[in-house]
Amino acid sequence: MSPEQAPRGRITGLLSGRRDILWGILWVGGILLCRAWIGLKLNAPARAMVVDASIHTLWGALLAVVLALLLGWGTALLLHALESGRRRTARILLSFALNLLRSVPQIVGLLIGYVIVTALTLNEALASEASRIAATSAVTALFLFQEVADRVTARIRHYAATEFVDALLVCGVSPRVIVNREILLKNSMAYLVQKSVALFGRAIFLICSIDFIVSVGLSTEVSLANLPVTLGSLLAKLDSKQDILAIGTALTDASVIPTLFVEHLQGISVAFLIVYTLLCVYRIANGLTERYRL
Amino acid sequence: MSRTRYDIRIAASGRVLVDTHGFPLETGAVTFLFGESGIGKSLIGKALYGILDPAEFTAEVNGEPYALYRDSPAAAAARSAGFFVFQEPSTHLNPLATLGQQLGEGTLRRAADPLAAAAELFPGGSQGSLPRLLPVYPGPHRPSGGEKQRLLVSMAFTRMDIALAAGESARGLYVFDEPTGSLDREARDRFLDRLFARFRLRHETILLVTHDYGMIAYVRSRHRDMESRFRFLELTLSGGSARTREFDPGRFLSWLAAQRHEPAETARPPLLRVESGISVYGKILAFSRPGGGRAAPALEVHPGELVYMKAGSGVGKTTVAKIVIGLEQASRFRIEIEGVRLGEVSPRRYWRRRLWGRTMTMAFQHADEALNPKASVAATLRILSRPSLRGRDALRASLGRLFDADELDALIDKKVWQLSGGQKQRLNLLRALALETPLVILDEPLSALDFESIDRVLGLLREVRARGRAILLISHNEDIFDRLVSPASIYLLSSSEPPAS
């Protein structure tokens, strides 16, 4: 019997070579399990906080990725247009500006961005919770979009040297259609999806890190209490810190272990959600790389 | 001579690529395997020779796992006493060793003169252009495809010479996979002459994979005495997998004899005029006429005319076409399109705004590279935004010019990467012709096609011409186009070094 005829379980067959889907299922399953457990064992106010923090973090990260994609795609198109239009000076100026932004460490850039968000909150320019999430996502996207721009540029350059682009050009097809539809949509989707998944993980990490760092407050009037609660800021709360410290105690005193998942559930579940999500997103991105041989 | 029949089944990623029953391979005979590209000819050659990659393919030969066939004493002996010439010379040659080193490495080290066979294939022999190639490390652009191909087949010839000198019995299998794809007719004929000269001395088993049906005419006229040892097969696509059938060479020859010159249309002013003396990549390219006549005439293409530009491989036919279409920049050139004079200082945007898709277009040589593999067949044509291609019926009508009616429904929604090489080539041509521009440049329009498709394409070109459109052809299918194109519309391209100033 040849290998392609070998019997294979339905599920195993479906997931064979699709580790991204497997880890996606594991992620959703893990989150649902955690939700069910805290639904049973965590008190209502703490449970509501964990749920809100998760939703804010995931939505914030997702919005940051969408904004980074739009910004990165647009930047790459602009660079390509300047390059093919032989506008050298404009291209150099834009590249310089982008490199200047690239030279700012992400965490420092985000801190500066948060100061601006804080100032806007103080001025009541960002009145609603949604607008504050959007603003922090925009700040995050500003320090992620260049990765999208780099990837889009690499894809355009790769295909610009191929014959199918020349063949379409001499058929009178507009360069805009060739780049957006033929190169990026038809030939680069797997690359962009993989990059988006990886950026989603990065955005979660950045949002949680920065919220944890600024947990001491950015001004006397505005603190994390004014900004929407996220997994990072929830982790910085005193209750959560004590819960995390309990993990350390469990290392030397095994009798504490059973209490971890009942008495210290807030901090443990927040830490689990962050770490487990980052692990799964990392595995999904790797799975996509393997599946599409990127 | 003894004939062995093989049932060969090759699959990859769960998809059956070849499923041929009773493939006949005769020992001590030359088997010509014709057929369009991309349907499994090379895979059959590799399977029979025993070099199919087990990591990539799952195969069975005569109902048994491929490893059993590959490791059988008979297959191993045929392999060790034979040679495989790969289709793509670049994949066969080692970029880290000079060509001279590679001509005499491995089993070829036993040759008395490893360069002798190569010298037979290059004009001027060992005093001609061959010596300057020997110290070269093969790269993508140097030496040319034709030069690489000649060096590769010379290795197979050297292997034959070694066996002959050693007085070994003929037991080798020699597979030549598209050995003339990059050769002009003269070089191709020289290759065939040298191959059959050796074959006359020792009847090795030879499998010659090709889609150059023109070989039949040459073989019939120059090597008729060997006919009893020639087998002609054709691989065709049927129900999604490849099947082998006998090919009647007489069918091709009578078809070729029936081809008549298309009349030259020179009454109206030329649509395109290309002056001789194009300076590009340090070479000067000039035109001449087959019968001699005026030195360095300009190439002219009139409305409704079929013009054929030919040259040896690597001279620069495609380069000239790309200069005319505005994709390649030359140091000096003069062309006139619809009365507008253009040259090296003309802005590129003129081609983009005024000419591409309006006055002229081009079908590229390699359909594999000229089409977007991820686009569907429908999307490949719809992107042209022609009213005549709107709707499924219009697409069917357009595709029906080169495809069978019963395959259209399945074809329209297929992605380009799922098509065979021949199907891609037909789609490539249809896309260029669907624009109905006054001038279309076709670079190797018959490459990768089987006999039936060649006939259809030529019919379509006649139709296009009859509607007053002009065609500039580049092809090494001289057997066919020399019969089809009026001598008044044939131009020879040659290159020379610029005079020292």
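The structure displayed is predicted, hence computed values, not measured ones.

Draft legend 1. Quick look at the overall build of chain B. Looking only at helices and strands, chain B has 20 helices and 21 strands in total. In terms of overall size, chain B behaves like a compact globule, its C-alpha atoms giving a radius of gyration of 24 Å where 501 residues would be expected to give roughly 23 Å. Taking the principal axes of its C-alpha atoms as reference, chain B extends roughly 70 × 60 × 45 Å. Here chain B holds 501 residues, and 46% of them are scored as buried. Restricting to contacts in chain B with at least 6 residues of sequence separation, those with at least 24 account for 77%.

Draft legend 2. Just the overall build of chain A, in detail. The number of helices and strands found in chain A is 14 helices and zero strands. Starting at the N terminus and walking to the C terminus, you meet the elements of chain A as α-α-α-α-α-α-α-α-α-α-α-α-α-α. Along the three orthogonal principal directions, the C-alpha set of chain A runs to about 75 × 70 × 30 Å. By the burial criterion, 33% of the 294 residues in chain A qualify as buried. Look at the contacts in chain A between residues 6 or more apart in sequence, and 76% of them connect residues 24 or more apart.

Draft legend 3. Spatial organisation of the interface of chain A and chain B. The partner chain B presents 23 residues to the 17 residues of chain A that form the contact. Looking at the side of chain A that touches chain B, the elements that each hand over two or more residues are helix 8 (163–170) and helix 9 (175–187) of chain A. In terms of residues, the side of chain A that touches chain B owes the most to one element, helix 8 of chain A, which gives seven residues. When grouped by side-chain class, the residues that make up the side of chain A that touches chain B number eight nonpolar, four polar and five charged.

Draft legend 4. View of the confidence of the model for chain B. Mean pLDDT for chain B: 91, with 98% of residues reaching 70 or above. Of the two predicted TM-score estimates for the complex, the pTM is 0.84 and the ipTM is 0.86.

Draft legend 5. Region of the structure containing the packing of helix 8 (residues 145–166) of chain B against helix 9 (residues 185–201) of chain B. Residue and element names in this part refer to chain B. It is the contact of helix 8 with helix 9, at a shortest axis distance of 11 Å, that shows an interaxial angle of 10 degrees. One finds that helix 8 runs roughly parallel with respect to helix 9. Mapping the contact onto sequence places G146, R150, V153, F157, M160 and L164 in helix 8 and A187, F191, R194, R198 and L201 in helix 9. Within the contact of helix 8 with helix 9, the residues separate by chemical class into seven nonpolar, one polar and three charged.

Draft legend 6. Looking closely at the confidence of the model for chain A. With 91% of its residues at a pLDDT of 70 or more, chain A shows a mean pLDDT of 87. In this model residues 1–7 of chain A is a low-confidence stretch, pLDDT under 50, and it forms eight contacts with partners more than four residues away in sequence or in other chains.

Draft legend 7. Inspection of the nonpolar core at higher detail. Judged by nonpolar contacts, the single largest core of 202 residues is most densely connected at A68 and A203 of chain A together with V307, M309, I471 and L473 of chain B. In contact with M309 of chain B, other than residues within four places in its own chain, are L299, K317, V320, L472, L473, I474, Y491 and L493 of chain B.

Draft legend 8. Region of the structure containing the pairing of strand 20 (residues 470–474) of chain B. Residues and elements named next belong to chain B. Among the five residues of strand 20, five are classified as buried, and the element is accordingly described as predominantly covered. Burial of strand 20 is two-sided: the residues A470, L472 and I474 facing one way and the residues I471 and L473 facing the other way are all buried. With four bridges connecting them, strand 15 (residues 306–310) and strand 20 associate as parallel partners. When the bridges of strand 20 are listed, Y308 appears paired with L473.

Draft legend 9. Highlighting the sheet that holds strand 17 (residues 340–343) of chain B. All names here are of chain B. Taken together, four strands build an open sheet; the order of strands is 14-11-16-17 and the sheet is antiparallel. Two strands in the sheet have a free side with no partner beyond their single neighbour: strand 14 (299–301) and strand 17. Strand after strand, the sheet turns through a mean of 15 degrees between neighbouring axes, direction not considered. Where strand 16 (residues 334–337) lies against strand 17, four bridges are found, and the strand directions are antiparallel. Bridge assignment links I337 to a residue of strand 17, and that residue is V340.

Draft legend 10. Molecular detail of unusual backbone geometry. Not every positive phi belongs to a glycine, and E338 of chain B is a case in point at roughly 50 degrees. Tracing the backbone shows E338 of chain B in the loop between strand 16 and strand 17.

Draft legend 11. The sheet that holds strand 21 (residues 490–496) of chain B, seen in detail. Residues and elements named next belong to chain B. If you trace the seven strands from one edge of the open sheet to the other, you get 12-13-21-15-20-19-18, paired in mixed fashion. In this open sheet, the two strands that pair with only one neighbour each are strand 12 (278–280) and strand 18 (360–363). Neighbouring strand axes in the sheet, compared pairwise and without regard to direction, differ in orientation by 25 degrees on average. The sheet contacts of helix 12 (residues 317–325) involve strand 12, strand 13 (283–288), strand 15, strand 18, strand 19 (439–443), strand 20 and strand 21, and relative to strand 19 the element is tilted by about 155 degrees.

Draft legend 12. Summary view of the environment of A64 of chain A. Residue and element names in this part refer to chain A. The residue A64 is located in helix 3 (residues 44–84) in this model. Separated by 31 residues in sequence, A64 and L33 place their C-alpha atoms 27 Å apart. Residues in contact with A64, not counting those within four places in the same chain, are S137, T140, A141, L144 and A203.

Draft legend 13. How the structure looks around helix 6 (residues 129–142) of chain A. When the terminal C-alpha atoms of helix 6 of chain A are compared, their 20 Å separation across 14 residues agrees well with the 20 Å that a helix rising 1.5 Å per residue should span. Regarding helix 6 of chain A, the residues found buried are R132, I133, A135, T136, S137, V139, T140 and A141 of chain A.

What counts and what doesn't
Residues numbered from 1 in each chain as written. Chains lettered and ligands numbered in written order. Predicted model: local features only at pLDDT ≥ 70, side-chain atom pairs only at ≥ 80, totals over all residues. Helix = DSSP H or I, 4+ residues; strand = E, 2+ residues; numbered from the N terminus. Rg over C-alpha atoms; globule rule 2.2 N^0.38 Å. Buried ≥ 20, exposed ≤ 12 C-beta atoms within 10 Å, placed from the backbone. Contact = placed C-beta atoms within 7 Å. Nonpolar A, V, L, I, M, F, W, Y, C, P; charged D, E, K, R; others polar. pLDDT = per-residue confidence, 0-100. Axes fitted to C-alpha atoms, helices over the stretch in contact; angles between N-to-C directions. Parallel < 35°, antiparallel > 145°, perpendicular 65-115°, else oblique. Core = buried A, V, L, I, M, F, W, Y, C linked by C-beta atoms within 7 Å. Pairing = 2+ DSSP bridges. Expected span 1.5 Å × (residues − 1).

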